[in-house]
Amino acid sequence: MMSKQTKNIVLGISAGIAAYRMYDLVGELKRLGNNVTVILTKDARNFVSELPLKVLSSNPVYCEMFSAELQSKPIHIELADSTDLILISPATADIIAKMATGICDELITNVLLASRCPVYIAPAMNTNMWEHFTTQKNIETLVTKLGYKIIPPEEGDLACGYTGMGHIASNEKIIKTILYGEFDTKPLYGKKVIVTAGGTREAIDPVRFIGNRSSGKMGIALADAAYNMGAEVVLVSTVPCEKKYQVIEVESAQEMQEVIESEFDKADALIMAAAVSDFRPIIASKQKIKKKNEDINLELTRNPDILEILGRTKRDKQIIIGFSAESENIEKNAKEKLEKKKIDMIIANDITVPETGFESDENAVIILTRDGKKEILQRQPKTQIARYITTRLSEIFDSIKEVKKT
Ligand SMILES: Cc1cc2nc3c(=O)[nH]c(=O)nc-3n(C[C@H](O)[C@H](O)[C@H](O)COP(=O)(O)O)c2cc1C
């Protein structure tokens, strides 16, 4: 592992059993060329000793706010101003609660409030403490309101005797996350994302329908990606599937519209990957239509344009992403759709290209956004494209937050 550039890192160690692992972490961060300054909470001194941390970091180890030595700046401002990155590891339920509410009764919590650098948190605690409503609410606040990045705990055998969620992430994962951005820090935590998948079926009679060739693979990949990035996901799908998140099965465009409209008010984003039929038979026969010798005429009516309806009524901070399956003038048609439907991003693909698009495991797309940006993603697995799109979604959320801050 090579460090791209060395960093001044403040490592805040709070009073969890995983604190002993920080000896190795400090050594490894130092070996990678970083300048590490350790701050202990008062209770953390029950779990680790200052001397080895001093030796391993080649720096003083701090704990107290009030020292006898006279300094030009108070120590919490000095440390806050000189650091590039703060890592709280292990982060106890207690320190997480303090960070979420701005309590400053420790040196490290003062440094956190006084600094403007990126903050990473590696929580570790008993499963019940982690899953407790207040801890989860506090984590949500740290992620959504303060932009802190969580290095999620993992399932495992805990020192308290429990087996479950709460084990601190490995030192390797922590390093890869804070120095190289390799791991997911759940950037969609606290966001509710609705994803649609599959092709709608518009009944002609109890047996026949008007359908399309959408397999649902792109939508399901998007729902998985959003879930893995920490979002609360509702997948509205015409394709049955079992997931750890909520799946609502629908058949027709009208059913899909009803479900989306009932969920949309509480949602932060909608990704419309489903192929929604533009038309449906005016009358769906209750009985199977009998074969006759003459032709029959099927009268069709327009289905509601879900994207257009929601694009018109959405709140400013709600993000809508649409798909545009085109067979000609791909970019031009997609751009028109983006503007007409007042959505935030459109993913266009050329359905005439073999091996991509409908039913395939791969896709090649053009991404257009409202700020006029265009990105081309060459042929690659739909899972990879999904991950790219959900990352872009998290960036849009970040930019909304930044606009609000300034
Ligand atoms: C043996 C022992 C292990 C503990 N391990 C944890 C832990 O892993 N995570 C946690 O949130 N609290 C743990 N606690 C509770 C914290 O130490 C306690 O809430 C403490 O006041 C937190 O202080 P701090 O957040 O200021 O460091 C543990 C307590 C004991 C006695």
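None of these values were measured; they are calculated from a predicted model.

> What is the right way to look at the packing of aromatic side chains in this model?
Two aromatic rings, taken as a pair, are described by how far apart their centres are and by the angle between their planes. Counted under the stated rule, the structure contains 1 aromatic pair. Sitting over the face of the ring of Phe-397, Lys-191 holds its NZ or CZ atom 4.6 Å from the ring centroid. Arg-302 extends its terminal NZ or CZ atom over the ring of Phe-279, reaching a point 6.0 Å from the ring centre.

> Is there a simple way to explain the domain arrangement of the chain in this structure?
Many analyses report the size of an interface as the accessible area lost when the parts associate. Looking at the assigned domains, one finds that the chain contains domain 1 (8-180) and domain 2 (192-405). Each of domain 1 and domain 2 was reduced to a C-alpha centroid, and the two centroids are 41 Å apart.

> How do you make sense of the pattern of salt bridges when you look at a structure like this?
Two side chains of opposite charge can pair, provided their charged atoms sit close to one another. In total, this model carries 23 salt bridges according to the counting rule given. The residue Lys-98 makes a salt bridge to Asp-94 at a minimum N-O spacing of 3.2 Å. Taken together, the residues span about one helical turn, with Lys-98 and Asp-94 both in helix H4 (residues 93-101) at a distance of 4 residues. A relative accessible area of 13% places Lys-98 in the buried class. Residues Glu-308 and Lys-340 are paired through a salt bridge, measuring 3.8 Å at the closest nitrogen-oxygen approach. Placement of the pair is Glu-308 in helix H11 (residues 306-313) and Lys-340 in helix H12 (residues 330-340), with a sequence separation of 32 residues.

> Just to check I follow, could you spell out the packing of helix H1 (residues 22-31) against helix H8 (residues 171-180) for this structure?
Pairs of packed helices are described in terms of their axes, by the angle between the two and the distance that separates them. With their axes 10 Å apart at the nearest point, H1 and H8 run at an angle of 40° to one another. For the element pair H1 / H8, the angle class is oblique. In this structure, H1 meets H8 at a crossing whose hand is right-handed. In this structure, H1 uses Met-22, Asp-24, Leu-25, Glu-28 and Leu-29 to contact H8, whose residues at the interface are Asn-171, Ile-174, Ile-175, Ile-178 and Leu-179. Looking at the contact of H1 with H8 residue by residue, the class counts come to 7 nonpolar, 1 polar and 2 charged.

Definitions and limits used
- Residues numbered from 1 in each chain as written.
- Predicted model: local features only at pLDDT ≥ 70, side-chain atom pairs only at ≥ 80, totals over all residues.
- Heavy atoms only, no water.
- Phe/Tyr/Trp six-rings, centres within 6.5 Å; stacked < 30°, edge-to-face > 60°.
- Lys NZ or Arg CZ within 6 Å of the ring centre and 35° of its normal.
- Domains from an automatic or database assignment.
- Salt bridge = Lys/Arg side-chain N within 4 Å of Asp/Glu carboxyl O.
- Helix = DSSP H or I, 4+ residues; strand = E, 2+ residues; numbered from the N terminus.
- Buried < 20%, exposed > 50% of the residue type's maximum accessible area, 1.4 Å probe, protein only.
- Axes fitted to C-alpha atoms, helices over the stretch in contact; angles between N-to-C directions.
- Parallel < 35°, antiparallel > 145°, perpendicular 65-115°, else oblique.
- Left-handed = near helix turned anticlockwise from the far one by under 90°.
- Contact = heavy atoms within 4.5 Å.
- Nonpolar A, V, L, I, M, F, W, Y, C, P; charged D, E, K, R; others polar.

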